[in-house]
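Reading the structure
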Amino acid sequence: MSEMLRIRNLTKRFGALTAVDDISLAVDRGEVLGFLGPNGAGKSTTMKMVTGFLPPTSGTAELCGFDVTRDPIEVKRRVGYLPEGAPLYEDMTPLAFLNFVGEVRGIPAAERAGAIERAAGLIHIGEVMLQPIGTLSKGYKRRVGLAQAIVHDPEVLILDEPTDGLDPNQKHEVRELIAKMAEDKAIVISTHLLEEVEAVCTRAAIISRGKIVVDGTPDGLLARSRYRNAVSVRTGLAQADAVAGVLRAVEAIERVEAGARDSQSAEFVAVPANGAVILPLVAQALHANGLAVYEISAERGRLDEVFRTLTVGE
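In this report, the structure presented in the accompanying data block is examined. Each chain carries its own residue numbering, running from 1 in the written order of its sequence. Under the rules for a predicted model, residues below a pLDDT of 70 receive no local features and side-chain atom pairs below 80 are neither given nor counted, while totals for whole chains, interfaces and linings still include all residues. Only hydrogens and water are set aside; all other atoms, that is, all heavy atoms of the structure, feed into the side-chain values.

**Some thoughts on helix 10 (residues 279-288)**
To sort residues, take the accessible area from a 1.4 Å probe on protein chains only and compare it with the maximum for the residue type: under 20% means buried, over 50% means exposed, and anything in between is partly exposed. The secondary structure listing takes helices from DSSP runs of H or I that are at least 4 residues long and strands from runs of E that are at least 2 residues long, numbered from the N terminus. Residues Val282, Ala285 and Leu286 constitute the buried set of helix 10. Buried residues along helix 10 cover an arc of 95 degrees about the axis, so they all sit on one side. Away from the buried face of helix 10 by more than 90 degrees, exposed residues Pro280, Gln284, His287 and Ala288 are located. The contact criterion used throughout is that any non-hydrogen atoms of two residues lie within 4.5 Å. Of the surrounding elements, those touching the buried residues of helix 10 are strand 11 (231-236), helix 9 (240-249), strand 12 (253-261) and strand 14 (295-298). Directly beyond the C-terminal end of helix 10, a positive phi value near 65 degrees is found at glycine 290. The arc in question is traced by the directions running from the helix axis to the C-beta atoms.

Right, dumping it as structure tokens:
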């Protein structure tokens, strides 16, 4: 894999406020980096600097070997950018808008219609290409914004909340498209949807108070969870107390938490000490005590819990 994006000691200050504080990272071709953080952590500010729309206070960012400050035109030729809440010309149709974007991007007139057709097909907006953008739903507007980001087939994609406003089916389509495009591009996705990281990202970086606090694979983040290898057990109410007692007696289990309960069943979550694998031990203990259960399963970890732990106080 070749390095497509390199950020070195990037910092942005607004008066006394340091929005982005000395961050560094690199993204290779074929990687999808999930850029996570609470509101106000510095995600969008970083993306605006990386794409050349906001000058850094200090530090550098390079796309495909071009510095965003010294070579802004070359950077913009190679990057596709979907800002958060991307503004669109609502009196235009998607066809007219994408033709305008293609012209600004320097796509030759003879190739423009094909580029627009390709982008519209990938994003599935063909049926609304002649409707005024102002009449479209929020989801379709977001898809038009995504189409403009890919119409020139860029080498690097910077996407700020790309599935915002999309229904579950549309989110699935966009995530599949991102995974497919990642084969020959470097992609950075800012998102607050933690399931998006597990669904499409090969790496995840969490930013908190302007600083990157962790950068690793989604599974590496899950491994930091207190619920790594935790076991959930659902059983009938009649033997709920007995099941809880057996779980508490297993030496490798640190604690037992009560989960969901309804009129017929109760759930318990057995949390292991130091992320140990306890599923076989739990199954063996239940069997040895003659306790049948409705359901038993092991967890990989909880990304939301890791996220809260790393960004506490924001």
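**Observations concerning the sheet that holds strand 6 (residues 79-82)**
A strand pair is defined by DSSP finding two or more bridges across the two strands. Taken together, the 6 strands give an open sheet; going across it, the order is 6-7-8-3-9-10, and neighbouring strands pair in mixed fashion. Strand pairing shows two members of the sheet lacking a second neighbour, strand 6 and strand 10 (211-216), which therefore form its edges. Going across the sheet, the axis of each strand differs from the next one's by a mean of 15 degrees, ignoring polarity. Between the N-to-C directions of two axes lies an angle of 0 to 180 degrees, each axis being a line fitted to C-alpha atoms and, for a helix, fitted only over the stretch in contact. Packed onto the sheet, helix 1 (residues 43-50) meets strand 3 (32-36), strand 6, strand 7 (156-160), strand 8 (186-190) and strand 9 (203-208) and runs at close to 150 degrees relative to strand 7. Running at roughly 35 degrees to strand 9, helix 11 (residues 303-310) makes contact with strand 3, strand 9 and strand 10 of the sheet.

**Some remarks on the state of the cysteines**
Two cysteine sulfurs form a disulfide in these notes if their separation is within 2.5 Å. The tally for this structure, following the rule as stated, stands at 0 disulfides. For the unlinked cysteine cysteine 64, the closest cysteine sulfur is that of cysteine 201, found at 19 Å. Overall, cysteine 201 belongs to the buried group, its relative accessible area being 8%.

**So, the pattern of salt bridges**
Between side chains of opposite charge, pairing is possible as soon as their charged atoms come close. We define a salt bridge as a side-chain nitrogen of Lys or Arg found within 4 Å of a carboxyl oxygen belonging to Asp or Glu. Scanning the entire structure with this criterion turns up 26 salt bridges. Between glutamate 74 and arginine 78 there is a salt bridge; the shortest N-O distance is 2.6 Å. With glutamate 74 and arginine 78 both in helix 2 (residues 72-78), this residue pair falls 4 residues apart, about one helical turn. For glutamate 74, a relative accessible area of 24% puts it in the partly exposed group. Shared partners join several salt bridges into a network, and the residues in it are Arg29, Glu74, Arg77, Arg78 and Glu155.

**With respect to the sheet that holds strand 12**
A sheet is described by the order of its strands in space; here 4 strands give the open sequence 12-13-11-14, paired in antiparallel fashion. The sheet is open, and its two borders are formed by strand 12 and strand 14, each paired with just one other strand. Within this sheet the neighbouring strands show an average axis-to-axis angle of 20 degrees, counted without direction. The sheet contact formed by strand 11 and strand 13 (residues 265-272) spans 6 bridges and is antiparallel. By the bridge assignment, serine 232 is partnered in strand 13 with valine 269. Where helix 10 meets the sheet, it contacts strand 11, strand 12 and strand 14, and its direction lies at approximately 160 degrees from that of strand 14.

**Some remarks on the side chain of arginine 228**
Along the chain, arginine 228 turns up in the loop between helix 8 (218-222) and strand 11. We classify arginine 228 as buried; its relative accessible area is 18%. Identification of polar contacts relies on pairs of N or O atoms within 3.5 Å, with a donor-acceptor requirement for protein atoms, meaning one able to donate a hydrogen and the other able to accept it, and with residues adjacent in sequence counted only if both atoms are side-chain atoms. A polar side-chain atom of arginine 228 sits 3.2 Å from a polar atom in the side chain of aspartate 219. Apart from residues no more than four positions distant in its own chain, arginine 228 is found in contact with Asp219, Leu222, Ala223, Pro272, Gly275, Glu299, Arg300 and Gly301.

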